[in-house]
Amino acid sequence: MPDKHFTALTPEERDALIQAPVLVTLLIAGADQDFSKKEINWAKKVIHYRTFTSHNLLHDYYEMVNAGFEDSMSTYLDDEASTLDEATLTVRLAGLNDVLPKIDPLYAKALVDSLRSLAQHVAEADGGLLGFHKISTEEQTVVDLPMIKL
């Protein structure tokens, strides 16, 4: 189902937005150079929950993301593991800065806020001791997604 907010976008720009949660998950899960299955599995659950719990504007978006999340994640981990470093993921996510101004500002803000929330959830999914220091030092530097300017 196409999202009405994507009508002004090229197929590549639309795909960049759909792949953003996968890239955010990979960035956070791999921040410590080890793609944590616990973090990836938690992201999968969060994505699914957001199909009905996210901001109303984003329900259709998360349905599209959810439909391909597992396949995309597997593709990235299987085919591109050697190129999944923080710098590459950061550049790909920074590419959203060219796409976000082309969509409704309210929608763009909701989307970026949601991606930042996803990053936080993924970072907190693994690690810590007795609930403290759940976010590693490596994750802390990227969890706010500073490469996305909005």
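Refer to the structure above for everything that follows.
These figures come from a predicted structure and were not determined experimentally.

Reading the values: rules and limits
- The residue count restarts for each chain, going from 1 along the sequence in the order it is written.
- Per-residue local features of the predicted model are confined to residues with pLDDT of at least 70, and side-chain atom pairs are confined, for both listing and counting, to 80 or more; whole-chain, interface and lining totals are unaffected and use all residues.
- With hydrogens and water set aside, each side-chain value is computed from the structure's full complement of heavy atoms.
- Salt-bridge detection follows one rule: a side-chain nitrogen of Lys or Arg within 4 Å of a carboxyl oxygen of Asp or Glu.
- Where helices and strands are cited, they refer to DSSP runs of H or I of at least four residues and of E of at least two residues respectively, numbered from the N terminus.
- Per-residue accessibility, obtained with a 1.4 Å probe over protein chains only, is compared with the maximum for each type, and a residue is labelled buried under 20%, exposed over 50%, and partly exposed between these values.
- Multiplying 1.5 Å by the residue count of a helix minus one yields the expected span of that helix.
- This arc describes the spread of directions from the helix axis toward the C-beta atoms.
- The axes used here are C-alpha line fits, helices contributing only the stretch in contact, and every angle between their N-to-C directions lies in the interval 0 to 180 degrees.
- Reported orientations rely on four angle classes, namely roughly parallel under 35 degrees, roughly antiparallel over 145, roughly perpendicular from 65 to 115, and oblique for the rest.
- For a crossing to be left-handed, the near helix must be turned anticlockwise from the far one by less than a right angle; the clockwise case is right-handed.
- By the convention used here, residues are in contact when the closest approach between their heavy atoms is within 4.5 Å.
- Each residue receives one of three labels: charged for Asp, Glu, Lys and Arg, nonpolar for Ala, Val, Leu, Ile, Met, Phe, Trp, Tyr, Cys and Pro, and polar for the others, Gly being one of them.
- Under this definition, polar contacts are N or O atom pairs within 3.5 Å; protein pairs additionally need one hydrogen-donor-capable and one acceptor-capable atom, and for neighbouring residues in sequence, both atoms have to be side-chain atoms.

Peer 1: So what's going on with the pattern of salt bridges? Which residues, and what values?
Peer 2: Following the criterion strictly, the structure yields 3 salt bridges and no others. As a salt-bridge pair, Glu 70 and Lys 44 come within 3.1 Å of each other at their nearest N and O atoms. Of this pair, Glu 70 sits in helix 3 (residues 59-79) while Lys 44 is found in helix 2 (residues 37-53), placing the two residues 26 residues apart along the sequence. Note that Asp 113 and Lys 109 form a salt bridge whose closest N and O atoms lie 2.7 Å from each other. Of this pair, Asp 113 and Lys 109 both sit in helix 6 (residues 105-124), 4 residues apart, which is roughly one turn of the helix. Its relative accessible area of 46% is what places Lys 109 among the partly exposed residues.

Peer 1: I'd like a rundown of helix 2, residues and numbers included.
Peer 2: Helical periodicity: at 3.6 residues per turn, an α-helix aligns residues three or four positions apart in one direction. In this model, helix 2 (17 residues) spans 23 Å end to end at C-alpha, consistent with the 24 Å of a helix rising 1.5 Å per residue. Buried within helix 2 we find Glu 39, Ile 40, Ala 43, Val 46, Ile 47, Arg 50 and Thr 51. All buried residues of helix 2 fall inside an arc of 150 degrees around its axis, so they share one side. Facing away from the buried side of helix 2 by more than 90 degrees, the exposed set consists of Lys 37, Lys 38, Phe 52 and Thr 53.

Peer 1: Which residues make up the packing of helix 2 against helix 6, and what are the values?
Peer 2: For the pair helix 2 and helix 6, interaxial distance at closest approach is 9 Å and the crossing angle is 140 degrees. Taken together, the axes of helix 2 and helix 6 are oblique relative to one another. Helix 6 is crossed by helix 2, and the crossing has right-handed handedness. For the pair formed by helix 2 and helix 6, the contact residues are Glu 39, Trp 42, Ala 43, Val 46, Ile 47 and Arg 50 on the first element and Ser 114, Ser 117, Leu 118, His 121, Val 122 and Ala 123 on the second. For the contact of helix 2 with helix 6, a count of residues per class yields 7 nonpolar, 3 polar and 2 charged.

Peer 1: Can you break down unusual backbone geometry residue by residue, with the values?
Peer 2: Notably, Leu 145 is not glycine yet its phi reads approximately 50 degrees, a positive angle. When you line up the elements, Leu 145 lands in the segment after helix 7 (137-140).

Peer 1: Account for the packing of helix 1 (residues 11-29) against helix 4 (residues 86-94), with residues named and values stated.
Peer 2: The N-to-C vectors of helix 1 and helix 4 enclose an angle of 150 degrees; their axes lie 10 Å apart at closest approach. Considered as vectors, helix 1 and helix 4 are oriented roughly antiparallel to each other. Remark: the crossing between helix 1 and helix 4 carries left-handed chirality. Where helix 1 approaches helix 4, its residues Ala 20, Leu 23, Val 24, Leu 26 and Leu 27 are matched on the opposing element by Glu 86, Leu 89, Thr 90, Arg 92 and Leu 93.

Peer 1: Could you give me a rundown of the side chain of Ser 54, with the residues and numbers involved?
Peer 2: Turning to its location among the elements, Ser 54 is positioned in the loop between helix 2 and helix 3. Reaching out from Ser 54, the side chain makes a polar contact with the backbone oxygen of Arg 50 at a distance of 2.8 Å. Ser 54 has contacts with His 59 and Tyr 62, leaving out every residue within four places of it along the chain.

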